[in-house]
Every structure is written in C-alpha cells, then in structure tokens.
Amino acid sequence: MHSDAFDRYHHHDSALHRLDPRIKVVMAIAFIISNALLPDGAWMAFGLAWLFVLLASALSDLGLGYTFRRSFIVLPFALVAVTVLFSIPGNPVFQFHFVMWDFTITDAGLLRFVSIVIRSWISVQMAILLVAVTRFPDLIHAFEHLRVPAILTTIIAFLYRYLFVLSDEVIRLLRARQSRSAAAAGQRSGGGVLWRARVSGNMAGQLFLRSYERSDRIYNAMLARGYAGQLLTLNPHELHGSDWVYAVAAFLLILAMQFVGRF
Amino acid sequence: MLYSPIAPMHIPDGFLSIVISVICWAITIVTLGVAISRTNKSLGERQVPLMGVMAAFIFAAQMINFPVAGGTSGHLLGGALAAITLGPWAGMLVMTAVIAVQGLLFQDGGLVVMGANILNMGLLTAAVGYGLYRSAIGSKFTTKLTVAGVAAWLSVMTGALATSLQLWLSGTANIGVVVPAMLGVHALIGVGEALVTVAALSFILRTRPDLLGERSASAQGGRGWILTGVLITLAVVLLSPLASASPDGLNRVAMDLGFIQTAQTANGPLAGYIVPFLSSISASKIVAGSIGVIVVLAIAIITGRSLQTKKPNS
C-alpha cells in the first residue's frame, strides 16, 4: 500500500491550495457554525451558502461538481431525523397508512427535516473541500497554530503516518484468514458466529501486539535521530497579505449569509 | 474502499444545535485537559509514539470484520479495548485522535459536532469500559474477561444513548423513536464489540501478560474509575427504559429548559411549570423505576463485595 492510500488531497496549483492552512481551517469551521446558526427554512441563506461552496470550488480548480459527488456520505444519517416529519405539531401535508399505523407528515415537520438535511449537506461539502485542497500534515500544523495541544496533534500525526503501515498488516491478516478458510462449493464451512468472532478477536490481539512492538522500534529509531519530545517542521507557515484578503472576503460572505437568513 | 463508516454513531454537521455542540465541546475539552495533564505526569515522552501507533492500531483494527448473518458483519469500535490496554487517560487521547481523523479526513462525523462525537465514542466508552474492567482487575482470568465483555457491550450502549439524547435535545429526532432504535441496533453491534474485545484481551493475556499485568499502564487507573464506571452504567440503565417508556416526561423537561424551541408552539408559555415531570408519569411507573434502582444498586454492591473478597485469594 502506498503512503497516500488514505489521502484525500488533490494536488493543483490554485488560489485555494496556496491559501494559508490556518485561514482555510478557520473559514471552514466558521462556515459550518454559520450553517448551524441559520434558522429553519432560510432558503435564501441556504442558497447563498451553497453558492459560497461553489465559489470556493471554482477557486480550487477541482471542478464545480467535485464536492457534490462526494457529499452523499451524510444521507444515511438523515434517517435519524425522519422522526421529526411526524412528531412536530403543524398542519397535515400528507397522510398515509402503513401496516397498522397512520402517519401524518406536518408542514412544520417537513420544514425542519429539509432544513436539517440541507444544513448537513452544505456543511459536509465544505469539509470535503477543505481536505481536498490542504495536505494533511499542513492541516495538523494549522491545528497546532490554533492552540490544539501538541500531544494530540502529535498522536494524530503518528496515526496518519502509520495508518497505511498497519492497514498493510490488517490486509495480510485478512488474506491469511481467507486462505485458510477454503470451502467446497455449496457446503457449510467454518464455525458459528462465536467462533468467527473469536478468530477476529485473535486477529485484533495479534495486530495489537505487532503494533505495540512496532511502536518500540519506532521510538528507538526516533531517539537515534535526535527526537526530544516534539515533532519539528521544515515548512513554517507565514501569513501573507493575500491570505488576509481571502479571510476578510470569506468572513463578510458568511456575515451576509447570516443577515439574509435572519432578516 | 479502504475506509467505510461502520456504525450509525458519527453525527454529521447540521444534526446538532449550536447549544448542544458547545456544551459537548466544553465537557470534551475539560476532560481532555485532565487527560493530557495526567498522561504528561505519569508517562514519559516514550508514550507519545506508543499512543500514536496505538491510535493507528484502533483505526486499522476497525477494518477486521466477521460475517454475522444476512450480509451484516461485526466490527470492533475499540473504545473499551483502548482504555483497558493503555489505561483510561491514554485510551481517551487515542480515541480522540481516531475520531478526529475519521471526521477530518473521511468526513465520517462533522467538525463542529466533533466535540459530541469525541464525548460519545471516545470519552464515555473509555470511562465505562475501563471503570467496569478496573473492578475486576485483580480477579481470575475468566472473571476478568467476562467483566471486560460486559464493559465493552455497555460502552457501546452508553455511546448510543448519549448520541440519541443529543439528537433529541437538538430537536433533530423524536426521543420515543430514536432511543429505542439506536439502543436496539447498538445492542447487537455491542455484542460483536464484546466478543472481539474479549477474544483480543484473552490473546494478549496469553501471549504478553506483562502488558496487562500489575505494573502495566492498564493497572495505573485509580479506584475512582470504578465509581465513574458504575455511575455511568447506572445512568444508562435508568435512563434507557425511562426514555423509551415515558418520552413525554423527558420531552417536557427538555422544553422547560429551553432546549427544544421547535416544539414550544404546542404549549402555552407557562404550561410546563406545574411539576412538569411527575404529572406525566403515573405513580406505578415511579414505583417500578424505584424498584429498578434498588435492584441495580443491590447487584452493584453485591458484585463489588464479592470481587473485593476474591482479591486477596487470587
């Protein structure tokens, strides 16, 4: 497996790629908070928020449909919000009968449900764009600048660095399990669920020990290279004038969204 | 696909209100602050690479699945396993890193609601998982593993209950539906979690017993964790049936506290102020609830006693 197997970064040389990662992180979070603050049924503001996503996509050279195509990840979770369709009191819009229950969708419920799904859908597109235009180490570095404790960012950096190594271990374990689980076609093979769970548990235990011992080797190797408790970077971030221009513009757009949504 | 979301517990952005998101972030930040100062005190710089690689381990271990029935499969979530093997504070930091990467890199869970996701899947699972396991740390092999299994199952249920309560308080879901649905699904997911956690611990105990022995990080957590674990367990045991059986009562309380603005149109401004909670629950339910509390307390005390008397023998 390559080291970038889990990477979501798409390299281009666009204005958004060059923007300081701190500005990108702060603006993405401000945008998502702004979405959460918009009242239900603020359609104009939701539309503006989506335009904001499209504008950012245009600046990123990734194509306007890039975030849209990947945004369906939130849809399964919308299932939990389905109950508000029926539970909020309001004028009935649609009634139907299912097995032995009567369901009534109310206008207030529909408004709330659609608002929740739109908010979530627009917010996730910004998060998708953020990791597509920012290298993950830069992202971690930005969080460090934003006062996230060094111990956490270091753990996250290690997680990112060794994830593909341990994924290789898992793939080897899974392949080994597959090759010793041969079965004749049409015949039942292997034990029950309990047995299968135990096999998986042993694999997890095996992986734990391999990871644990690997961390020892990693630590010794790091000591040998002069590790003294913190990770250093050769890529210090500096804020330029153009970074501030983008930050102010994005902030004004977010304010405009709030203004349109509330008045 | 190398990464696929595994359990319906990662809340995306937009599903929690700002108030609930901020409250969850506050709890998470305070707990993580304590966790960081404790790990800094008790562990050297050696521990940081260990926790980093262990975070990658939890992430990778979530890919190990086993077929259960009808195309569904069991997985490890890892909160309890991380806390049991690394100690509670380190376990919390490791799970926080896992959830942060799931949210940041894979959009499995939102950014602004990440405080809630860390609380549900990292902090609560680690606290319950470790707390219950801590009560059996000196006992025999089988007892220890049985308690670890129960702890792992409860850790999943705790996370699911906390998630559904946050969704309900944000006005995103109806409590009478979301609590039974989430707990029902996670009761099964929790069984997979328990089986894999027990098998993994048993494997580690047989091959590297020193990693879980008396001088390991796993045994460093104080006795206070037992109390934390029992208290959270009690809260889950008491709240789950209450939320499923009399959602209206809890709904009224939440409305009076101003959490659910959307439902306010149903009531007059002062409607809920006359003993809102008790009026909607009948006396029989209160009696049943009290009996439940007493039974659970009795079981907890008896288990605690029996574990204490066992300890010198083993």
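Every chain is numbered independently, its residues counted from 1 as its sequence is written. Chain letters and ligand numbers both follow the written order, the letters beginning at A and the numbers at 1. The model is predicted, so local features are restricted to residues of pLDDT at least 70 and side-chain atom pairs to those at 80 or more, both for listing and for counting; the totals for chains, interfaces and linings are taken over all residues.

Caption draft 1: Layout of the packing of helix H3 (residues 43–60) of chain A against helix H6 (residues 107–133) of chain A. Residue and element names in this part refer to chain A. With axes taken as lines fitted to C-alpha atoms, and helix axes fitted only over the stretch in contact, angles between N-to-C directions fall between 0 and 180 degrees. Labels follow the DSSP assignment, with helices taken as runs of H or I lasting at least four residues and strands as runs of E lasting at least two, numbered in each case from the N terminus. At their nearest, the axes of H3 and H6 sit 10 Å apart, and the two run at 15 degrees to each other. With respect to each other, H3 and H6 are oriented roughly parallel. Viewed along their axes, H3 and H6 form a crossing whose handedness is left-handed. Side by side, H3 and H6 meet where Phe46, Ala49, Trp50, Val53, Ala56, Ser57 and Ser60 of the first sit next to Ile118, Ile122, Gln125, Met126, Leu129 and Val133 of the second. Under the scheme applied here, ten amino acids are nonpolar (Ala, Val, Leu, Ile, Met, Phe, Trp, Tyr, Cys and Pro), four are charged (Asp, Glu, Lys and Arg), and all others, including Gly, are polar. Its residues assigned to classes, the contact of H3 with H6 shows 10 nonpolar, three polar and no charged. An angle counts as roughly parallel when it lies under 35 degrees, as roughly antiparallel when it exceeds 145, as roughly perpendicular when it falls between 65 and 115, and as oblique in every other case. Crossing handedness is read from the near helix: turned anticlockwise from the far helix by less than a right angle, it gives a left-handed crossing, and turned clockwise, a right-handed one. Two residues qualify as a contact pair if the distance between their C-beta atoms, derived from the backbone, is within 7 Å.

Caption draft 2: Quick peek at the confidence of the model for chain A. pLDDT measures the predictor's confidence residue by residue and takes values from 0 up to 100. Per-residue confidence for chain A gives a mean pLDDT of 86, with 97% of residues at or over 70. Per-element mean pLDDT across chain A ranges from 76 in strand S1 (residues 92–98) of chain A up to 93 in helix H2 (residues 21–37) of chain A.

Caption draft 3: Region of interest: the packing of helix H8 (residues 150–180) of chain A against helix H2 (residues 47–61) of chain B. The geometry of H8 of chain A relative to H2 of chain B is characterised by a closest axis approach of 6 Å and an angle of 50 degrees between their N-to-C directions. Classified by the angle between their axes, H8 of chain A and H2 of chain B sit oblique to one another. Between H8 of chain A and H2 of chain B lies a crossing whose hand is right-handed. For the pair H8 of chain A and H2 of chain B, the contacting residues are Ile151, Thr154, Ile155, Phe158, Leu159, Tyr162, Leu163, Leu166, Ser167, Glu169 and Val170 of chain A in the first and Val48, Pro49, Met51, Gly52, Val53, Ala55, Ala56, Phe57, Phe59 and Ala60 of chain B in the second. Taken together, the residues of the contact of H8 of chain A with H2 of chain B break down into 17 nonpolar, three polar and one charged.

Caption draft 4: Here's a closer look at the interface of chain B and chain A. Across the boundary between the two partners, chain B contributes 67 residues, which contact 71 residues of chain A. Of all the secondary-structure elements, those providing two or more residues to the side of chain B that touches chain A are helix H1 (18–42), H2, strand S1 (66–69), helix H4 (88–106) and helix H7 (175–207) of chain B. Per element, the largest residue contribution to the side of chain B that touches chain A is 13 residues, and it comes from H2 of chain B. Across the side of chain B that touches chain A, the residue classes break down as 49 nonpolar, 14 polar and four charged.

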